[in-house]
Amino acid sequence: MKKKVLIVASMILMALTVSGCMKKENPVSTDSSQNQTTKSAEAEVTGAGDSLDETKTLVITHGAYPQTLDIQNQSDAFSSRPASMVFEKLMKMDKDGNYQGVLAESWEYEDDTHLVFHLRKGVKFHNGDPMTAEDVKWSLIRAANSAHVSSKASFINQDDITIIDDNTIKVGYLYPNASAYAAFSNVGLSILPSKLYANADTADISKNPIGTGPYKYVDCVNGEKVTFVRNEDYWGEKAHIKNLIWKTITENANRTIELETGGAHFSYDVPTTDIDRIESDDKLTLLMGPNFTIQYVCYNTQKAPLNDVKVRKALGMAVDKEAIKIAAYNGLGKVGVGPMVSTTQYATEDLDVAPFDLDAAKALLAEAGYPDGFEIKIYTNENQARIDAAQVVQNSWAKIGVKATVTTLEYAAYYEAVNSGEYDVCFFGWISNGDPDNTLYGLYHSSMIGASNYSHTNNPKVDELLEAGRKELDDTKREQVYVELQKELVDYCPATYYWQGVNTYAYSNDLMPIEYTPYDFEPWTYEWKK
């Protein structure tokens, strides 16, 4: 029988208020204090279970081929999702927003700037090497120096990491960090084998990813799929399904067809236009619920005429967010306001964001010295919703004299163009784990230009507030910092935030029921129906 899984209360709230094969190269706890002395991490460790499948292959589809399988050198979900089959973190956030141990069994603070991890014993990498504190130290230092994930690990004092024994490590911070647990739960801080990768570059790791995870990498077909097999020596409960393929299907409609015909069993990012179609199919189940993603029009703040804040604000006033929600997202979700979705800690919508107003936009352009408008280039990737959104914006900007050309690039070329700064405007989305530091630091701190600061924002006030927010341990004071930061970003206008999303997934009813989560899914827990 057909099923539809909705997170009903949250959805109502959202509706009402809120390489060999590789191409070229977190809600947070409401108690943000780091003065907690113990965080037990009693993850369940069981045997193989009684439902292991040795034959049928689980096929998961998503919309783009991974840029890399090096978990510490990615900044996109299309890379991190499959890489997370191989690599594991020290801890994770569960569906209730609590931190649970993965490779760490437990941890406690020695003081505000020293966290002691007690590592799980008996864990082996896929090549047979034991996982030790030395691997953790090496991995954290590597993450702190990665252009793509350093925003999560830059608080770590690389000269103050002490190996107490093979299973115990003390990690020093440069300053007290209220978002440290969220950082250690980020996939970018996963643990890699230090001996194997001591002299490897990201291309080497991507060709031969070796971790501790429930699946082992087998091979891949460039641009098409990545294949995994169950890790029979996994420290925890073994994957129920032995063989796993992560398949790339760029066309939205074709991903749905693949589900309908049985060629795939789980699909990420179901287009909202296919929701009714999936709901009417007795062989499929729709999973839908709120997420931590903000979709936005991103302006290159270092490139004329967009280096003028009046121009950026004028363009923002000419973005018809309601029209985008209807055209690109079938009316689901809610229009964006500020830089953080309403599900993120300390998010506020009490912001001075100008409404959609073409006349006011045209007047502000004239005030900035562009009464006749100008020509501009919009870049987007193969995400159909972003293409649709770009076309809505292109049409409305034409009404204020701004002639925009829209160029759609394959994902690898898109990221290269955006990070190089050659674009004028691009369309992007950013996924948070619910912590404001995770949401904003990578996007807007000047040190992240060329990595994840796609707007090339270089604003001393923004930098100051971002640094203060991660250091402040008092919850009330930290909220004040992030409210001020949101106001500063709206005033500086590096982006126009047009949509707060919902996640839409679908899976075959050949699988046992899967519970919705706004965090990472865990395909190793999936089982076939008997």
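Computed from a predicted structure; not experimentally measured.

**Notes on the packing of aromatic side chains**
- By the definition in use, this model includes 31 aromatic pairs.
- For the ring pair Tyr-329 and Trp-499, a centre distance of 3.5 Å and an interplane angle of 5° mean the geometry is stacked. Of the two residues, Tyr-329 is situated in helix H11 (residues 321-329) and Trp-499 in strand E18 (residues 495-508); the sequence distance between them amounts to 170 residues.
- Tyr-329 gets classed as buried once you look at its relative accessible area, which sits at 5%.
- Each residue in the set Phe-78, Tyr-296, Tyr-411, Tyr-414, Tyr-415, Phe-428, Trp-430, Tyr-454 and Tyr-497 is aromatic and connected to the rest through ring pairs, giving one cluster.
- In this structure, Arg-470 packs its charged tip against the face of Tyr-441, placed 3.8 Å from the ring centre.
- Cation over ring: Lys-471 sits above Tyr-175, and NZ or CZ is 4.8 Å from the ring centre.

**Concerning unusual backbone geometry**
- The residue after Ala-304, namely Pro-305, is reached through a cis peptide bond having omega 0°.
- Within the secondary structure, Pro-305 is located in the loop between strand E14 (284-299) and helix H10 (309-317).
- The residue Asp-269 is not glycine, and still its phi comes out positive at about 55°.
- Along the chain, the position of Asp-269 falls in the loop between strand E13 (266-267) and helix H9 (275-279).
- Given a relative accessible area of 28%, Asp-269 falls into the partly exposed group.
- With a phi angle near 70°, Tyr-346 is a residue other than glycine that sits in the positive phi range.

**Some points on the nonpolar core**
- Core analysis: the largest hydrophobic core is formed by 107 residues, its most contacted members being Phe-117, Phe-184, Phe-266 and Tyr-296.
- Non-local contacts of Phe-117, meaning those with residues more than four positions away in its chain, are made with Leu-90, Met-91, Ala-104, Ser-106, Trp-107, Asn-167, Thr-168, Ile-169, Val-171 and Phe-184.
- One finds Val-59, Ala-368, Ile-400 and Ala-404 within the second-largest nonpolar core, a separate group that totals 46 residues.

**Observations regarding the pairing of strand E10 (residues 215-221)**
- As paired elements, E10 and strand E11 (residues 225-230) share six bridges and run antiparallel to each other. Across the sheet, Lys-216 pairs through a bridge with Val-229, a residue of E11.
- Here E10 hands over to E11 after three residues, with Gly-223 in that stretch at a positive phi of 85°.

**Some points on the pairing of strand E9 (residues 168-173)**
- Burial analysis of E9 places six of its six residues in the buried class, which makes it a mostly covered element.
- Residues Thr-168, Lys-170 and Gly-172 of E9 are buried on one face, and the alternating residues Ile-169, Val-171 and Tyr-173, pointing to the opposite face, are buried as well.
- Taken together, the five bridges between strand E7 (residues 114-119) and E9 define a ladder with antiparallel strand orientation. If you follow His-118 over to E9, its bridge partner there is Thr-168.
- Pairing geometry for strand E8 (residues 156-165) and E9, over five bridges, is antiparallel. Pairing of Ile-161 across the sheet is with Val-171, part of E9.

**Considering the side chain of Thr-227**
- Looking at the secondary structure, you find Thr-227 in strand E11.
- Here Thr-227 is in contact with Lys-216, Tyr-217, Val-218, Asp-219, Leu-244 and Ile-245, once residues within four sequence places are set aside.

**Examining the pattern of salt bridges**
- The final tally for this structure, using the stated rule, is 20 salt bridges.
- Between Lys-334 and Glu-349 there is a salt bridge whose closest N-O contact spans 2.8 Å. Residue Lys-334 is located in the loop between H11 and helix H12 (358-367), and its partner Glu-349 is located in the loop between H11 and H12; the two are separated by 15 residues in the primary sequence.
- Accessibility expressed as a relative area gives 8% for Lys-334, which makes it buried.
- We classify Glu-349 as partly exposed; its relative accessible area is 38%.
- Among the charged side chains, a network of salt bridges with common partners joins Arg-230, Glu-232 and Lys-238.

**A word on the packing of H11 against helix H13 (residues 384-398)**
- It is at 8 Å that the axes of H11 and H13 come closest, and there the two elements cross at 140°. The element H11 and its partner H13 pack so that their crossing is right-handed. In contact with Ala-323, Ile-324, Ala-327, Ala-328 and Tyr-329 of H11, H13 contributes Ala-385, Asp-388, Ala-389, Val-392 and Val-393.
- Counted by class, the contact of H11 with H13 contains nine nonpolar, no polar and one charged residues.

**Details of the layout of surface pockets**
- Within this model, the second largest pocket holds a volume of roughly 520 Å³.
- As for the second largest pocket, its lining consists of 26 residues, and the residues nearest its centre are Lys-321, Asp-352, Val-353, Ala-354 and Val-490.
- Counting residues per element, the ones that place at least two in the lining of the second largest pocket are H10, H11, helix H17 (475-492) and E18.
- Sorting elements by how many residues they give to the lining of the second largest pocket places H17 first, with four residues.
- Looking at the lining of the second largest pocket residue by residue, the classes come out as 15 nonpolar, three polar and eight charged.

**A short note on helix H14 (residues 411-420)**
- Most of H14 is tucked away: seven of the ten residues are buried.
- Considered for burial, the residues of H14 that qualify are Tyr-411, Ala-412, Tyr-414, Tyr-415, Ala-417, Val-418 and Asn-419.
- For H14, the N-terminal capping position is held by Glu-410, with its side-chain oxygen 3.2 Å away from the main-chain nitrogen of Ala-412.
- Once H14 finishes, Gly-421 follows within two positions and takes phi at roughly 85°, a positive value.

Rules behind the numbers
- Residues numbered from 1 in each chain as written.
- Predicted model: local features only at pLDDT ≥ 70, side-chain atom pairs only at ≥ 80, totals over all residues.
- Heavy atoms only, no water.
- Phe/Tyr/Trp six-rings, centres within 6.5 Å; stacked < 30°, edge-to-face > 60°.
- Helix = DSSP H or I, 4+ residues; strand = E, 2+ residues; numbered from the N terminus.
- Buried < 20%, exposed > 50% of the residue type's maximum accessible area, 1.4 Å probe, protein only.
- Lys NZ or Arg CZ within 6 Å of the ring centre and 35° of its normal.
- Core = buried A, V, L, I, M, F, W, Y, C linked by side-chain atoms within 4.5 Å.
- Contact = heavy atoms within 4.5 Å.
- Pairing = 2+ DSSP bridges.
- Salt bridge = Lys/Arg side-chain N within 4 Å of Asp/Glu carboxyl O.
- Axes fitted to C-alpha atoms, helices over the stretch in contact; angles between N-to-C directions.
- Left-handed = near helix turned anticlockwise from the far one by under 90°.
- Nonpolar A, V, L, I, M, F, W, Y, C, P; charged D, E, K, R; others polar.
- 1 Å grid on protein atoms, 1.4 Å probe; cavity = no way out; pocket = protein on both sides within 12 Å on 5 of 7 lines; lining within 4 Å.
- Points joined across faces, edges and corners; volume = space filled by probe spheres on them.
- Polar contact = N/O pair within 3.5 Å; in protein donor to acceptor, adjacent residues only side chain to side chain.

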